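Per-entry structural report
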Amino acid sequence: MTKPTDLVQGTLDLLILRTIQREPLHGWAIAQRIQMLSNDVLQVNQGSLYPALQRLERQGWITADWGTSENNRRARFYRLTAPGRKRLAAEMNDWSRLSGAITLVLREA
Amino acid sequence: MRMFYQVAAFLRGLFRSADIDRQMADELRFHLDKEAERQMRFGATPDAARRAARLKVGSVDAAQETSRDERPGSRLRQFSRDVVFGTRLLRKSFAFTAATIGIVALGVGAVTAIFSVVYGVMLKPLPYAEPDRLVSVWSVMPKLNLARASVSAADFMDFRASNRVFDDLALVRTNGNFNLVGEGGEPERLQGARTSANLLKVLGVRPLLGRPFTEEEQRTGNENVALLSYGLWQRRYAGDRSIIGRTIELNGVPTTVVGVMGESFQYPSHDFQIWIPVSIDPRELTRETTQNYQVVARLARGVTLAQAQSDMNGIARRIEQSHPQTDAGVGVLVASMLSDAVRPVRGPLYLLLAAVGCLLAIACLNVANLLGARSASRSSEFAVRLALGASRGRLTSQALAEVLPILVAGGLLGVLLAAWAVQVFVAGAPAGLPRIENVELSGPVLGAALAVLTLSGLVASLLPASQAWRADFTTVTKESSRSAAGGRGHMRARRALVVAQIAFAVPLLVGTGILARSFTRLTDVQPGIRTANVLSMAVAVPRSKYSSDDQVAAYETRLLDAMRAVPGVASVGMVNRLPLSGNGQVGTIELDNDTPTPTLVTVDWRSATPDYFATMSIPLVHGRVFASQDGVNAPLVGVIDERLARMAWPGQSPIGHRFRIPGAPWHEIVGVVGHVRHDGLDADPRPQVYWNYLQRSQDRMAIVVRTNTSAASLTSAITAAIHSVDADQPVYDVRTMDAVLDRSLSQRKLTMVLIGVFGAAALVLASVGVYGVVAFGVTQRLREFGIRVALGAERGAVTRLVVGQGVGLAVVGTAIGLVAAIAAAGAMQGMTYETNPRDPLVFAGASLVLIGVAVAASWLPARRAARVDPAVTLRAE
């Protein structure tokens, strides 16, 4: 397993927003999904995850409610707000432009 | 839309921080459990699963801490935690805390109390509409030496007609008797004013109830209406709203009440309780007779005081030209109404403000010193914390947070002290302090107190904050543990603070000395009367009952006879203006002293009864005083004082010569009496002449009674005697002459006492400051002293060394303070009596006192230094 790479704060925010786009998830599920979808490259520990979730909450992009998890335990489920959805679309746009540009430079330089 | 979520999250972070902590703890536990579950699904044992989960998931505490630090209001919460911690630390060192809180309270309280007086009396705007446009208009009579004299009705009419600078002018006459009898209480004499109908309009106020006067009510015959003051309405008529339209008996005349003024209306001063319309005698308008009026005017919008003055100067000159007999040499003065009212007390109030400012500076510096010493002893603690990763900002904010409880407690205590002091002051205030009803802890005063507290806090926290900011791990460990309480720079700062304290103390001590000297010289002055065992009271004879002058004189004789019969009375007299009371009557008389042109002299003139002189112990120098034969139809006589005698007839006896009011009959001089300092002990402008009360009667008289026992004890007996002649006669202003004399001095006395108190407090604080620094220095240099003694130094030399340190501080501080005091001494010029504000004796005395105090304060530490045992100090490290 490769060493987990450190994620820049903004990037983590983008990943979280995308992860909960389809359905509300609790914190652990978010971390799991990110790890799974990235083939274990990106492993988010709770020292970064939960402060990031709270930041996004403060900024109004996500909101959270208490619900029951799959094994009937109480957990806090995070979901996108309407402004959050718009923000996600904008961020994804920015990201593809940015990564595209970097790829171009790396390929040709 | 997003704003909604943001605000909700912000508020939650601010107010429900504990909830968020709990919820986060739950979430983290859940996360950990889920991870452990996952590990177990891969076959790990529960313990191994938990361990692996913890490793993977990372530090819970770090997550919690980051979350907390990023939450809104985290800095505020941190600060409040620091404050709580600081309070706990302070509670442990009770003496230090009590001392610093006490000093802060002293500084803040003193400044607040003085400022409440300064604000209430001088700064608070008058309670009228646009008060900065209100002015007083005076006549100026340089020939009579009067810079502010009352205006005549004729001049007023001219001003009103010809001016181009005022919206309107109003006329007020304040002398007059207002005897009120009837329902509501005892017969009483009110202070009242006769005003023109437009006065309220000029001032821009309306009555609380009823209406102002109309123009018709100014005509003679129609003026039997009155406006009552709020206080009078509440006191005598129980605030009954049906008072409007009712009739009261004022000066024996039925008068209809047309209105009641509001609580804040105190014109011309808070003593005035009733107003009636003024009616001007037509003879005044043709300048045949004159009365004394005051004029208040409202400047037209955009007109400055200077413009108004020059316009009025022009009008005054025209009047002078067209009426040379009556208005020759009469000018006019336009002055802002507020500054006019407070002119006499402005100097002393500013002086007190400056003095309390010095005291505040000393208190702040003292607290700074104390706090600095305390924080210095923690410099190693700061260094360690710095090394462990605390930021300088965090350390500084913590140092400040510990100062905050002291400031808050000191500030609150100070405001309480000020409230008490203001109460005491208002209750026993010196006579004649204008606008004293405004002296209270009002909003602006409390705002000023807060500003003062903040400023003091900033000054006081300078040392601790800079200590925390400059904490350096290496410097601290380099110095020996003994000198843990700060380096050389710190010591220099503390010494500078003490020098500054002493410098500020010098002006206070010098001020006290100068004022004390001035006051002593003043109380040594002979007033020309003896005030011991003399009772005074005033009566105003109602003209409605005793209409002719003869009736007034006869009534007064009956009163005298009744009072003389009271047991314990040695002598009774009457005069129309009581000496030292602040009231007088000034005029010009003509003498018949064989000169080609008539000699005119400005004098105080009085109507007096024959026994007046004996009652007041005014000595008879030549001739005789009045007697019963100098009656109404007898030849007109007069008595003059020795100053006039010396002035007008030097070397000869003035008996037989004559004087008169120009145009009136001559009075023959039958006696010469001693001179009386009538206006006050500190002023002696004019000679005096006396008419016999039978030949020139007055209906306002001050009664003086010399008693065989204490004066005050006969008050009720004398009043009863007066009432036995006329039961409806109001008697007022009952005071012993000793009290009258004290009252004339009270303002100077109060200023001197207050500055003296400040000076004493300053001495105490300065001595504490010197002690602190010197004792500290001794502690630091204990090893050095041990070495000195071991090497053979005499104990006395060590003592001298230490005391010399304290004296050195005092000398430098005193020198600086003296320079400032000499420069500022000129400001006291008008406030001293026959005392040079730069009196070298006082300056020298103040310096010696300060140096002496420094010596005393250095004594204890010096003894400790001298007693040092070299064996002990050299071994200890």
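Residues numbered from 1 in each chain as written. Chains lettered and ligands numbered in written order. Predicted model: local features only at pLDDT ≥ 70, side-chain atom pairs only at ≥ 80, totals over all residues. Heavy atoms only, no water.

On to the confidence of the model for chain B, then. Taken as a whole, chain B shows an average pLDDT of 87; of its residues, 97% reach a score of 70 or greater. Here residues 481-485 of chain B scores under 50 on pLDDT; set against residues more than four positions off or in separate chains, the count is 12 contacts. (pLDDT = per-residue confidence, 0-100. Contact = heavy atoms within 4.5 Å.)

This part covers helix α25 (residues 795-825) of chain B. Between the first and last C-alpha of α25(B) there are 43 Å, a value that for 31 residues agrees with the 45 Å anticipated at 1.5 Å per step. Listed in full, the buried residues belonging to α25(B) are B:V798, B:T799, B:V802, B:V803, B:G806, B:L809, B:A810, B:G813, B:T814, B:G817, B:A821 and B:A825. (Helix = DSSP H or I, 4+ residues; strand = E, 2+ residues; numbered from the N terminus. Expected span 1.5 Å × (residues − 1). Buried < 20%, exposed > 50% of the residue type's maximum accessible area, 1.4 Å probe, protein only.)

Where nonpolar side chains cluster on the molecular surface, the patch consists of B:M3, B:V7, B:F10, B:L11 and B:F15 and spans about 520 Å² of accessible area. Looking at the secondary structure, you find B:M3 in helix α1 (residues 2-15). (Patch = residues over 30% accessible without salt bridge, like charges linked within 9 Å, V, L, I, M, F, W, Y side chains within 5 Å. Areas by Shrake-Rupley, 256 points an atom, 1.4 Å probe, with all protein chains shown as cover. Salt bridge = Lys/Arg side-chain N within 4 Å of Asp/Glu carboxyl O.)

Residue and element names in this part refer to chain B. Enumeration according to the criterion identifies 13 aromatic pairs over all chains in this entry. A connected cluster of aromatic rings, assembled from ring pairs, spans Y128, F265, Y267 and W275. The ring of F776 is capped by R494, whose NZ or CZ atom sits 4.6 Å from the centre of that ring. (Phe/Tyr/Trp six-rings, centres within 6.5 Å; stacked < 30°, edge-to-face > 60°. Lys NZ or Arg CZ within 6 Å of the ring centre and 35° of its normal.)

Let us now look at the layout of surface pockets. Residues and elements named next belong to chain B. Of the volumes computed, that of the second largest pocket is approximately 800 Å³. Residue lining of the second largest pocket: 34 residues in total, with I114, A421, F425, L750 and L754 positioned closest to the centre. Among the elements that make up the lining of the second largest pocket, the one with the highest residue count is helix α23 (residues 737-780) (11 residues). Across the lining of the second largest pocket, the residue classes break down as 27 nonpolar, 5 polar and 2 charged. (1 Å grid on protein atoms, 1.4 Å probe; cavity = no way out; pocket = protein on both sides within 12 Å on 5 of 7 lines; lining within 4 Å. Points joined across faces, edges and corners; volume = space filled by probe spheres on them. Nonpolar A, V, L, I, M, F, W, Y, C, P; charged D, E, K, R; others polar.)

All names here are of chain B. Note that T873 resides in helix α27 (residues 870-875). Its relative accessible area of 10% is what places T873 among the buried residues. Between the C-alpha atom of T873 and that of H622, which follows or precedes it by 251 residues, the distance is 86 Å. Setting aside residues no more than four positions away along its own chain, T873 makes contact with L782, R783, G786 and V868.

A water-sized probe rolled over the atoms picks out the places where empty space is left. All told, the structure shown has 7 cavities of 30 Å³ or more when counted by the stated rule. Of the pockets and cavities examined, the largest cavity occupies roughly 120 Å³. Broken down by element, the lining of the largest cavity gets its largest block of residues, 4 residues, from helix α15 (residues 392-427) of chain B. Looking at the lining of the largest cavity residue by residue, the class counts come to 8 nonpolar, 1 polar and 3 charged. What the second largest cavity holds in volume is close to 100 Å³. Along the walls of the second largest cavity sit A:Q54, A:E57, A:R58, A:R76, B:A9, B:R12, B:G13, B:I20, B:Q23, B:R71 and B:P72, which together make up its complete lining. Within the residue set of the lining of the second largest cavity, elements represented by two or more residues are α3 (46-59) of chain A together with α1 and α2 (17-41) of chain B. Classifying every residue of the lining of the second largest cavity by side-chain character gives 3 nonpolar, 3 polar and 5 charged.

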